Amino acid sequence: MSQPVCVVTGVGPGTGSALARRFAAGGYRVAMLARNAERLAALEAEIPNAKAFPCDVADPARIDAAITDVEATLGTPEVLIHNAVRGVFGNFLDIDPAHMNRAFQINTMGLLHLARRVAPAMIAAGKGAIICTGNTSALRGRPRYTGFAPTKAAQRILAEAMARDLGPKGVHVAYIVIDAVIDIAWTRERFADKPDGFFIKPSAIADEAWHIAHQDRSAWSFNVELRPHGEVW
């Protein structure tokens, strides 16, 4: 097992599968984590060097079991990309607090438990990368995003704290702020009146994640913002 190993969470039809394809094409063995076992199995059959590991990243015990399985099957992860996300929308009076808590468990606590599981081996090796995909909700609070923005803001601050801790130990932590609507089938249908410049391509996000994971140590990024040329910001 001489190829490096990359773990990607939240592997679905958009960014997650694009990340799996990019790192597999780059020579990694890719562990794909998500709750939908059927979709993962289909992607496993489609993407060379990618293997499915059904997992609910809101559950620390299932994270531990999945990473143990990854280590036994593929090897020790050198890259972790936490892409799993849960959104809750509505103002603070309307949202169900239980749904917000679920989002916090996936978005923030999921990152914590995953990083705690893979970082010790990275520290021992003196190398590795932990990357989290985020969005502009990590930077601002708006009324409809009351149940979502706090979970992403906490996720970003957690990643920053990890970056400051792990950087001197040789492990690169970065946070990607995606300021865009991701180009997948249901978003194209919902925003059918929008031009191509309104959307960000999942493959382009994956290319940037690849770049971040392989940056020279003298020029590591932490907070990376991505947006299409047509985005007003």
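My aim in this report is to walk through the structure given alongside it, one point at a time.

What counts and how
- Residues numbered from 1 in each chain as written.
- Predicted model: local features only at pLDDT ≥ 70, side-chain atom pairs only at ≥ 80, totals over all residues.
- Heavy atoms only, no water.
- Buried < 20%, exposed > 50% of the residue type's maximum accessible area, 1.4 Å probe, protein only.
- Helix = DSSP H or I, 4+ residues; strand = E, 2+ residues; numbered from the N terminus.
- Contact = heavy atoms within 4.5 Å.
- Axes fitted to C-alpha atoms, helices over the stretch in contact; angles between N-to-C directions.
- Left-handed = near helix turned anticlockwise from the far one by under 90°.
- Parallel < 35°, antiparallel > 145°, perpendicular 65-115°, else oblique.
- Nonpolar A, V, L, I, M, F, W, Y, C, P; charged D, E, K, R; others polar.
- Pairing = 2+ DSSP bridges.
- Salt bridge = Lys/Arg side-chain N within 4 Å of Asp/Glu carboxyl O.
- Core = buried A, V, L, I, M, F, W, Y, C linked by side-chain atoms within 4.5 Å.

## A few points about helix H1 (residues 15-25)
- Judged by how many residues are buried, H1 sits mostly within the fold: eight of eleven residues are covered.
- Of all the positions in H1, only Thr-15, Gly-16, Ser-17, Ala-18, Leu-19, Ala-20, Phe-23 and Ala-24 are classed as buried.
- Buried residues along H1 sit against strand E1 (5-9), strand E2 (29-34), helix H2 (37-46), strand E4 (77-82), strand E7 (181-182) and helix H7 (202-213).
- At the exit of H1 stands Gly-27, carrying a positive phi of roughly 100°.

## A short note on the packing of helix H3 (residues 60-73) against helix H4 (residues 97-125)
- Here H3 crosses H4 at 35°, and the two axes come no closer than 10 Å. Pair H3 / H4 crosses with right-handed handedness. Facing Pro-60, Ile-63, Asp-64, Ile-67, Thr-68 and Glu-71 of H3, the residues of H4 in contact are Gly-110, His-113, Leu-114, Arg-117 and Val-118.

## Things to note about unusual backbone geometry
- A positive phi angle, near 65°, is found at Asn-49, a position not held by glycine.
- Tracing the chain through its elements places Asn-49 in the loop between H2 and strand E3 (50-54).

## What to know about the packing of H4 against helix H5 (residues 149-166)
- At a minimum axis distance of 9 Å, the contact between H4 and H5 shows a crossing angle of 15°. As the angle between them shows, H4 and H5 are arranged roughly parallel. Viewed along their axes, H4 and H5 form a crossing whose handedness is right-handed. Note on element contacts: H5 touches H4 through Pro-150, Thr-151, Lys-152, Ala-154, Gln-155, Leu-158, Ala-159, Met-162 and Leu-166, opposite Met-100, Ala-103, Phe-104, Asn-107, Thr-108, Leu-111, Leu-112, Ala-115, Ala-119 and Ile-123.
- Considered class by class, the residues forming the contact of H4 with H5 number 14 nonpolar, four polar and one charged.

## Points about the sheet that holds E4
- Within the open sheet, the seven strands sit side by side as E3-E2-E1-E4-E5-E6-E9. Their pairing is parallel. In the strand order of this sheet, the two ends are held by E3 and strand E9 (223-226), each with one partner. Here the strands of the sheet are splayed against their neighbours by 20° on average, with no regard to which way each runs.
- Strand direction decides the pairing type here: E1 and E4, joined by four bridges, are parallel. Residue pairing across strands places Val-8 opposite Ile-81, the latter belonging to E4.
- In the packing of H1 onto the sheet, contacts are made with E1, E2 and E4, and the angle to E2 comes to roughly 170°.
- Strands in contact with H7 are E4, strand E5 (129-135), strand E6 (172-178) and E9; relative to E6, the strand with the most contacts, it is inclined by about 160°.

## A closer look at the environment of Ala-174
- Inspection of the secondary structure assignment puts Ala-174 in strand E6.
- Measuring from C-alpha to C-alpha, the distance between Ala-174 and Ile-81 comes to 9.6 Å, with 93 residues separating the pair along the chain.
- Every residue in contact with Ala-174, bar those within four places of it in the chain, is listed here: Ile-130, Ile-131, Cys-132, Ile-212, Ser-221 and Phe-222.

## Looking at the environment of Ala-18
- Inspection of the secondary structure assignment puts Ala-18 in helix H1.
- Ala-18 sits 69 residues away from Gly-87 along the chain, and the two C-alpha atoms are 20 Å apart.

## Comments concerning the pattern of salt bridges
- Enumeration according to the criterion identifies 13 salt bridges in this entry.
- For Glu-46, the salt bridge goes to Arg-21, with nearest N and O atoms at 2.4 Å. With a gap of 25 residues between them, Glu-46 in helix H2 and Arg-21 in helix H1 connect regions that are remote in the sequence.
- Residue classification places Glu-46 among the partly exposed positions, given a relative accessible area of 46%.

## Quick word on the nonpolar core
- One finds Ile-130 and Met-162 to be the most contacted residues of the largest nonpolar core, which totals 35 residues.
- Of all the secondary-structure elements, those providing two or more residues to this core are E1, E2, H3, H4, E5, H5 and E6.
- In terms of residue count, the dominant contributor to this core is H4 (seven residues).
- Discounting residues that sit within four places of it in the chain, Met-162 has contacts with Leu-111, Ala-115, Ile-130, Gly-167 and Val-173.
- Counting 33 residues, the second-largest nonpolar core is a separate cluster that includes Cys-6, Val-11, Val-30 and Ala-174.

Scope: geometric values only; no functional claims are made or implied.
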